[in-house]
Structure formats: structure tokens, C-alpha cells
Amino acid sequence: MLIAAFAFAWMNLLAKYLQDFHPLQVVFFRAFGTFIFIFPYMLYKKVPVVGKKKNVFWLSLRGVLSFVSLALFFKVVQDIPLGSAVALRYTAPIFSVIFAYFFLKEAVKLGQWLSLIISIAGAFIMKGVDFRIDSTSFILIMFSSLLVGGVFAIVRYLGSREHYLTIINYFMVFSIVGSLFFIQYWRIPIGEEWWWVCIIGILGLIGQVFLTRAFQLADTSTVAPIKYMELVYALLFGFFLFDESYTLWPIVGMTLVVVGMLLNVWIKRKG
């Protein structure tokens, strides 16, 4: 999980570095760079590409939600501090719990609801005290988190019904196809930019593979908290590479977001 978090952090860093590119172009390279490795492997291992007929709708919905969420996230990363964007997107488990409660009929304890309130309060504190987070970016990143929450619920539903590579591949295919609708806004990478647009896809692949492997080796409550190292990486990258710094209250807001999510994991593990 530490490796996955590190890979995703570098991927986010490159998404911000490539801010002269349209966000959907960055999405394309991120998705295509993963697809060209995963798809041949699926064919070699005879992993179902389409999946079971009864699950195609949910696989497709997962692909669409993930694509839109990633596009919104990359857009916001280009406009606000990197650490802020990552921290705000960590509110996704809030929506995941809500979706799981209403659609998967999963039980949610009172303590979990309180932990979610703590996290959402942290998000609004960040918005209120950090004027670098404009209202449009805040709305977009929260909507991105909402979509990720829906993705979590769908993946949980599909978990035992479809191969994990089939689920990932739908995400890649929808992202590639969806990005191509914005090709008129793209530009040709120049010089070393070719390295960065290629590496962003490889980093996404590494993060995805190690994330999946981590969840295979241990239960969610054990490995999920380690994912928050991604925020630490983002803060360090932002500080040293983009001269991004934070005063006390934005840090308090970020801390509440993370504490709320960790408290949610702890309560689920306990009971």
C-alpha cells in the first residue's frame, strides 16, 4: 500500500505539472498507459474482457463514474494546491458509506455517521480558511469524491462477481474513449513532456496493481489507513516543488478529514 500511495502521489504530481495540457488529455495518457499493459495480460491469462452479461451495466457505470471523477480531479489539481485537492478527495468514503447504506443495505453504526460528519466539517473548514480553494474547484472536487464513493460501492458489489482486472479494464476503456471526445483541445507533447505523459500511465498501473494486491493480502481496515500516506507525499511535493505552504487552520481541516476517515475504519474493524 505504501508503494501504491507513492505511485499515485507521483501520478498526481505529474497531473499538476502538466497543467498546460487539457485535463482530459492527461486522463487519456493515464488510462492508455495502463490499458496497454493490462489488456494483453488479460488476453494471455484468458481473463474475461466483457464480463458476465448481467454485470455489464454495473461495470459500465463504474467505468463512467471513474472516468468523470478522474477528469474532475485532474482539473482541480491544476487549479488549487496539490495537498488540498488530495485531502478533499479523501472525503469519498463518506459517500461510499452512504451509497452502501441505501443501495447495498449495509449496516452503518452511529459512530460511523459521527466520523463522517467530522470529515465533512474538515472539508468545509479547508474551503472557508484557504482562499486558494475557489468555490468552483471545491464543488468539482466534492462531486469527484461523490462519484468515487459510488465507484467504491459498485466495486464492492462486483468484487466477488467479476475479476478485478475486468473491473479495472472498464475504467481504462471508458476513460480512453471519453477523453477522445475532447481531442480538439489537446496539443502535441514537446521534448521531455513525452516522458511525463508516458510515465503518468505507468505510475497509474503500478498504483492500481499494488493497491489491489494490498487488499488481497490483508483486510481493508488494516491497509486502508496506509493509503493516507498519499496526502503526506502530496504535501511534501507541493511544498518543495510548487512552493505550496499552509497555515494552521487548513492543516486542522485536513487533519479532521483524515481523522474522520480513520475513525470510520476503526469503528468498522472493531465491530
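Residues numbered from 1 in each chain as written. Predicted model: local features only at pLDDT ≥ 70, side-chain atom pairs only at ≥ 80, totals over all residues. Heavy atoms only, no water.

K.L.:
Explain the overall build of the protein here, please?
P.N.:
Regarding its fold elements, the protein presents 12 helices and 0 strands. Starting at the N terminus and ending at the C terminus, the protein contains elements arranged as α-α-α-α-α-α-α-α-α-α-α-α. Taken over the C-alpha trace, the protein has a radius of gyration of 18 Å; the compact-globule value for 271 residues is 18 Å, and the two agree within 12%. Summarising its shape, the C-alpha atoms of the protein cover approximately 50 × 45 × 30 Å along the three principal directions. Across the protein, every contact between residues at least 6 apart in sequence was considered, and the portion connecting residues at least 24 apart equals 87%. Entry remark: accessible area of the protein is about 13400 Å², with carbon and sulfur atoms responsible for 73%. Between the centroid of the 22 positive side chains of the protein and the centroid of its 12 negative side chains there is a distance of 16 Å. (Helix = DSSP H or I, 4+ residues; strand = E, 2+ residues; numbered from the N terminus. Rg over C-alpha atoms; globule rule 2.2 N^0.38 Å. Contact = heavy atoms within 4.5 Å. Areas by Shrake-Rupley, 256 points an atom, 1.4 Å probe, with all protein chains shown as cover. Lys, Arg positive; Asp, Glu negative; His and termini not counted. Charge placed at Lys NZ, Arg CZ, Asp CG, Glu CD.)

K.L.:
Hey, could you run me through the packing of helix α6 (residues 110-129) against helix α12 (residues 248-270) in this one?
P.N.:
Between two packed helices, what matters for the description is the angle formed by their axes and the separation of those axes. Contact pair α6 / α12: the axes reach a minimum separation of 7 Å and the direction vectors enclose 165°. Taken together, α6 and α12 sit at an angle that is classed as roughly antiparallel. In the packing of α6 onto α12, the handedness of the crossing is left-handed. Counting all contacts with α6, which are made through Gly111, Gln112, Ser115, Leu116, Ile118, Ser119, Gly122, Ala123, Ile125, Met126 and Val129, the residues of α12 involved are Trp249, Pro250, Gly253, Met254, Leu256, Val257, Gly260, Met261, Leu263, Asn264, Ile267 and Lys268. Its residues placed into classes, the contact of α6 with α12 shows 14 nonpolar, 8 polar and 1 charged. (Axes fitted to C-alpha atoms, helices over the stretch in contact; angles between N-to-C directions. Parallel < 35°, antiparallel > 145°, perpendicular 65-115°, else oblique. Left-handed = near helix turned anticlockwise from the far one by under 90°. Nonpolar A, V, L, I, M, F, W, Y, C, P; charged D, E, K, R; others polar.)

K.L.:
I tried to follow the environment of Ile202 on my own but got confused; where do I start?
P.N.:
Checked against the element boundaries, Ile202 lands in helix α9 (residues 193-217). By relative accessible area, which is 34% here, Ile202 ends up partly exposed. Separated by 169 residues in the primary sequence, Ile202 and Gly33 have C-alpha atoms spaced 5.6 Å apart. (Buried < 20%, exposed > 50% of the residue type's maximum accessible area, 1.4 Å probe, protein only.)

K.L.:
Any chance you could explain the side chain of Asn264 here in plain terms?
P.N.:
Within the fold, Asn264 resides in helix α12. On the basis of relative accessibility, which here comes to 4%, the residue Asn264 falls in the buried class. Discounting residues that sit within four places of it in the chain, Asn264 has contacts with Val97, Gln112, Ser115 and Leu116.

K.L.:
I keep staring at α6 and nothing clicks. Help me out?
P.N.:
In an α-helix, one turn spans 3.6 residues; hence positions three or four apart end up facing the same way. When the terminal C-alpha atoms of α6 are compared, their 29 Å separation across 20 residues agrees well with the 28 Å that a helix rising 1.5 Å per residue should span. Within the sequence span of α6, burial applies to Gln112, Ser115, Leu116, Ser119, Gly122, Ala123 and Met126. Viewed along the axis of α6, the buried residues span an arc of 115°, placing them on a single side of the element. Residues Leu110 and Ile117 are exposed on α6 and point more than 90 degrees away from its buried face. Against α4 (82-89), α5 (92-103), α7 (135-158) and α12 lie the buried residues of α6. (Expected span 1.5 Å × (residues − 1). Arc of directions from axis to C-beta.)

K.L.:
Would you take a moment to explain the packing of aromatic side chains for this structure?
P.N.:
To describe a pair of aromatic rings, you give the distance between the ring centres and the angle between the ring planes. This model, assessed by the stated rule, comprises 17 aromatic pairs. The interplanar angle of 10° and the centroid separation of 5.6 Å between the aromatic rings of Phe28 and Phe32 together place this pair among those described as stacked. With Phe28 and Phe32 both in helix α2 (residues 23-44), this residue pair falls 4 residues apart, about one helical turn. A residue is classified by how much of its surface remains accessible, and Phe28, at 14% relative accessible area, is buried. Residue class for Phe32 comes out partly exposed when judged on its relative accessible area of 36%. An aromatic cluster of at least three residues, connected via ring pairs, comprises Phe6, Trp10, Tyr233 and Phe237. The ring of Tyr246 has Arg132 lying over it, and the distance from NZ or CZ to the ring centre is 4.9 Å. (Phe/Tyr/Trp six-rings, centres within 6.5 Å; stacked < 30°, edge-to-face > 60°. Lys NZ or Arg CZ within 6 Å of the ring centre and 35° of its normal.)

K.L.:
I tried to follow a nonpolar patch on the surface on my own but got confused; where do I start?
P.N.:
Together, Ile3, Phe32, Ile36, Phe37, Ile202, Ile206, Val209 and Phe210 line one region of the surface with nonpolar side chains, adding up to about 650 Å² of accessible area. For the nonpolar patch, the secondary-structure elements that each account for two or more residues are α2 and α9. Among the elements that make up the nonpolar patch, the one with the highest residue count is α9 (4 residues). (Patch = residues over 30% accessible without salt bridge, like charges linked within 9 Å, V, L, I, M, F, W, Y side chains within 5 Å. Salt bridge = Lys/Arg side-chain N within 4 Å of Asp/Glu carboxyl O.)

K.L.:
Which parts of the structure should I look at to understand the layout of surface pockets?
P.N.:
A probe as big as a water molecule, rolled over the atoms, marks out the empty space that is left. Reported here for the second largest pocket is a volume of approximately 260 Å³. If you go around the second largest pocket, the residues you meet are Trp58, Leu61, Leu65, Phe99, Phe103, Leu104, Leu146, Leu147, Gly150, Ala153, Ile154 and Tyr157. If you tally residues by element for the lining of the second largest pocket, the top one is α7, at 6 residues. The class makeup of the residues in the lining of the second largest pocket is 11 nonpolar, 1 polar and no charged. (1 Å grid on protein atoms, 1.4 Å probe; cavity = no way out; pocket = protein on both sides within 12 Å on 5 of 7 lines; lining within 4 Å. Points joined across faces, edges and corners; volume = space filled by probe spheres on them.)

K.L.:
How should I be thinking about the pattern of salt bridges in this particular structure?
P.N.:
Any two side chains of opposite charge can pair, so long as their charged atoms come close to each other. Tallied over the entire structure, the rule returns 4 salt bridges. With a closest N to O distance of 3.7 Å, Lys16 and Glu244 form a salt bridge. Pair noted here: Lys16 is in helix α1 (residues 2-17) and Glu244 is in the loop between α11 (229-242) and α12, with a separation of 228 residues, a long-range link. Residue classification places Lys16 among the buried positions, given a relative accessible area of 7%. We note a salt bridge from Asp130 to Arg132, for which the minimum N-O separation is 3.0 Å.

Such coordinate-based values are descriptive only and should not be taken to indicate function.
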